Amino acid sequence: MAELTIYRGTHQIGGCCTELSVDGQRILIDLGANLPDSDAPIQDDELLAKVFDGRPAAGLLFTHPHGDHYGLYKKVPEDVPMYIGPMAKEILKVLVSRLDYISEEKGLSAVERMQTYQAGEELGAFQNIRVLPIYVDHSAPDAYMFYIQAAGKKILFSGDFRDHGIVGERDRLWRTLEKFVPRGIDLLVTEGTMLSRKMEAASNPIRTEEQLGQRAEELFRRHKYNFVLVSSTNLDSIMEFYHHTPRGMHFVCDGYQAEVMLTAMRGMERKGNYPQYQRAENHSTIRVRGRCRWGHLRERGSLLKKPVGIAPISGHKLKQDGFVMLVRKNAAPGRESIFEEMRDEFYPLDGQIIYSMWDGYLKPEHADPALIGFIGRRPIEYLHTSGHAYAETIARLIEAVQPKRIVPMHTERADEFSSIPEFARYADRVKVLKDGEPLDLDAL
């Protein structure tokens, strides 16, 4: 008996968890927390009760290090092995170490016990299920699809992906799929995040990370003091901002963001030749404001093939030369952050705020008060590209692997999937599931 069950994620974005059960052995893919503004019908505690109900689990595989895919990791029983990409684990160690300072429930020990898999190498941990991780492009670094062979069936689980970021350049995804995944597979489980955001995508002139970097440099040259609101794990965009900081200006961040950058740069060295993740020739030193572990950061920077310096910088020097600074919303509203201090000092002189996140966080239905509070009534320049596949990219994936059955997930438009023009020709292959509804793989 073989079944695939999406416990949560058939009709929502984020909070995902999928189970594959074959002859009594089951593995889980992702265990995400609901997004903060989610009105999902299944709450996190309910999901955990359904997934960990006394049945053994041979393993839990995380596709990438975004909270809506790994966020419930602290709740995983110790007898369930967890697996994640090697760079993703290192980034999580940086992130969770920081969060453990402000959280009563510590998470670093759970991250430490995660095992790692390698792109293009079959994970030999399961008796009846063969899993091949495929490295893909996504806004989070170290993201993977899984090509799964079980019960005589061939399954591709897309996770979150795209083809317009740094990893997606030069058709890397399509060449990798051609190498590892045969045409005519039995089942494709695909994300569809952008299907409810098609108008947003169509109206945005910035389609790729490369275009984002080029536009960023134009904006940076207009103002002397640039504040860039961007997610700490959106490393593709961050590296574009770093490389496109004009000569003579300083690239600035805090110690935490510097550590995340250096961790990603080191990880990408091991994956291949990605120039955007190497030292920017105009900015061999990253300037750090605020408290940090200087020796630790400098050691990390020195270990890179093209070493990156880490150094403080005075307010006087920043005022004199100008800067591009990565900023985040305040995680501790009770006290002013270094970002707010610099905003208040430099923005009135000749500053601008560049907003590089989903614009939904600024709208009433998904409003993020901390982001809105940081911006205040100041005008912003919107400069962002999606971390997810456009509809035409999903259609290209379907064409590439020619699945007999298609199951959409991580989308708010699952019920409309067949009627979306890009997928109309595949309408008879689409199967829309409900949360918790098993799909009989033997019947495919």
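Look above for the structure.
Read on for a plain summary of the structure. Predicted model, so just to flag it, every value in this text is computed and none were measured.

What counts, and where the lines are drawn
- Residues numbered from 1 in each chain as written.
- Predicted model: local features only at pLDDT ≥ 70, side-chain atom pairs only at ≥ 80, totals over all residues.
- Heavy atoms only, no water.
- Helix = DSSP H or I, 4+ residues; strand = E, 2+ residues; numbered from the N terminus.
- Buried < 20%, exposed > 50% of the residue type's maximum accessible area, 1.4 Å probe, protein only.
- Areas by Shrake-Rupley, 256 points an atom, 1.4 Å probe, with all protein chains shown as cover.
- Lys, Arg positive; Asp, Glu negative; His and termini not counted.
- Charge placed at Lys NZ, Arg CZ, Asp CG, Glu CD.
- Arc of directions from axis to C-beta.
- Contact = heavy atoms within 4.5 Å.
- Disulfide = S-S within 2.5 Å.
- Pairing = 2+ DSSP bridges.
- Axes fitted to C-alpha atoms, helices over the stretch in contact; angles between N-to-C directions.
- Patch = residues over 30% accessible without salt bridge, like charges linked within 9 Å, V, L, I, M, F, W, Y side chains within 5 Å.
- Salt bridge = Lys/Arg side-chain N within 4 Å of Asp/Glu carboxyl O.
- Core = buried A, V, L, I, M, F, W, Y, C linked by side-chain atoms within 4.5 Å.
- Parallel < 35°, antiparallel > 145°, perpendicular 65-115°, else oblique.
- Nonpolar A, V, L, I, M, F, W, Y, C, P; charged D, E, K, R; others polar.
- Left-handed = near helix turned anticlockwise from the far one by under 90°.

## Some details on the overall build of the protein
Scanning the protein for helices and strands turns up 14 helices and 19 strands. With the principal axes as the frame, the protein shows a C-alpha extent of 70 × 45 × 40 Å. Expressed as a percentage of the 444 residues in the protein, the buried residues total 56%. Summed over all atoms, the accessible surface of the protein reaches about 18,400 Å², with 48% contributed by carbon and sulfur. Distance between charge centres in the protein, computed from 57 positive and 63 negative side chains, equals 5 Å.

## Topic: helix H1 (residues 44-51)
Buried residues of H1: Leu47, Leu48 and Val51, and no others. One side of H1 carries all its buried residues, which in axial view fall inside an arc of 100°. The secondary structure elements touched by the buried residues of H1 are strand S1 (2-8), strand S2 (17-22) and strand S3 (25-29).

## Notes on the state of the cysteines
Summed over the entire model, instances satisfying the criterion amount to zero disulfides. Cysteine Cys292 remains unbridged, with the sulfur of Cys253 as its closest cysteine sulfur at 9.1 Å.

## Here we look at the sheet that holds strand S10 (residues 187-191)
Spatially, the five strands line up as an open sheet ordered S7-S8-S9-S10-S18, and their pairing is mixed. Looking at the sheet topology across the chains shown, the edges are occupied by strand S7 (129-136) and strand S18 (405-409). Between one strand and the next, the sheet's axes are offset by a mean angle of 15°, whatever the strand orientation. Relative to strand S8 (residues 143-150), S7 runs antiparallel, the two sharing eight bridges. When the sheet's bridge partners are listed, Tyr135 is paired in S8 with Tyr144. Docked against the sheet, helix H5 (residues 172-180) engages S7, S8 and strand S9 (153-157), running at close to 160° with respect to S7.

## Focus: helix H14 (residues 391-401)
Considered for burial, the residues of H14 that qualify are Ala391, Thr393, Ile394, Ala395, Leu397, Ile398 and Val401. Elements in contact with the buried residues of H14: S8, S9, H5, S10, helix H6 (198-203) and S18. Phi turns positive one or two residues past the end of H14, at Gln402, with a value near 45°.

## Some details on a nonpolar patch on the surface
A cluster of nonpolar residues, Leu99, Tyr101 and Ile102, forms a patch on the protein surface that exposes about 390 Å² of accessible area. Inspection of the secondary structure assignment puts Leu99 in helix H3 (residues 86-100). A residue is classified by how much of its surface remains accessible, and Leu99, at 34% relative accessible area, is partly exposed.

## Describing the nonpolar core
Core analysis: the largest hydrophobic core is formed by 97 residues, its most contacted members being Leu20 and Leu31. Ranked by residues supplied to this core, first place goes to helix H9 (residues 255-271) with eight residues. In this structure, Met145, Phe161, Ala391 and Val401 belong to the second largest nonpolar core, which totals 28 residues.

## Observations regarding the pattern of salt bridges
Overall, the coordinates contain 29 salt bridges when judged by the stated rule. Its salt-bridge partner being Arg413, residue Glu416 comes within 2.8 Å of it at the nearest N-O pair. On the basis of relative accessibility, which here comes to 22%, the residue Arg413 falls in the partly exposed class. Each of the salt bridges in this network shares a partner with another, and the network as a whole consists of Glu19, Arg26, Asp53 and Arg55.

## Concerning the sheet that holds S2
Read across the sheet, seven strands follow the order S6-S5-S4-S3-S2-S1-S19 without closing on themselves; strand pairing throughout is mixed. Every other strand in the sheet has two partners, leaving strand S6 (115-116) and strand S19 (438-440) as the edge strands with one partner each. On the sheet, H1 packs against S1, S2 and S3 and is oriented at approximately 160° with respect to S1. Packed onto the sheet, H3 meets strand S5 (82-84) and S6 and runs at close to 105° relative to S5.

## Concerning the packing of H3 against H9
Contact geometry of H3 with H9 gives a least axis separation of 9 Å together with a crossing angle of 170°. In terms of orientation, H3 lies roughly antiparallel with respect to H9. Contact with H3, carried on its side by Met87, Glu90, Ile91, Val94, Leu95 and Arg98, involves Tyr256, Glu259, Val260, Thr263, Ala264, Gly267, Met268 and Lys271 of H9 and no other residues of that element. Classifying every residue of the contact of H3 with H9 gives eight nonpolar, two polar and four charged.

## Some words on the packing of helix H7 (residues 209-220) against helix H8 (residues 235-243)
Two elements in contact, H7 and H8, have axes whose closest approach is 9 Å; the angle formed by their N-to-C orientations is 40°. Taken together, the axes of H7 and H8 lie oblique to each other. Where H7 crosses over H8, the two elements pack in a sense that is right-handed. When H7 is examined against H8, the residues Glu209, Glu210, Leu212, Gly213, Ala216 and Phe220 are found in contact with a partner set consisting of Asp236, Ser237, Glu240 and Phe241. For the contact of H7 with H8, a count of residues per class yields four nonpolar, two polar and four charged.

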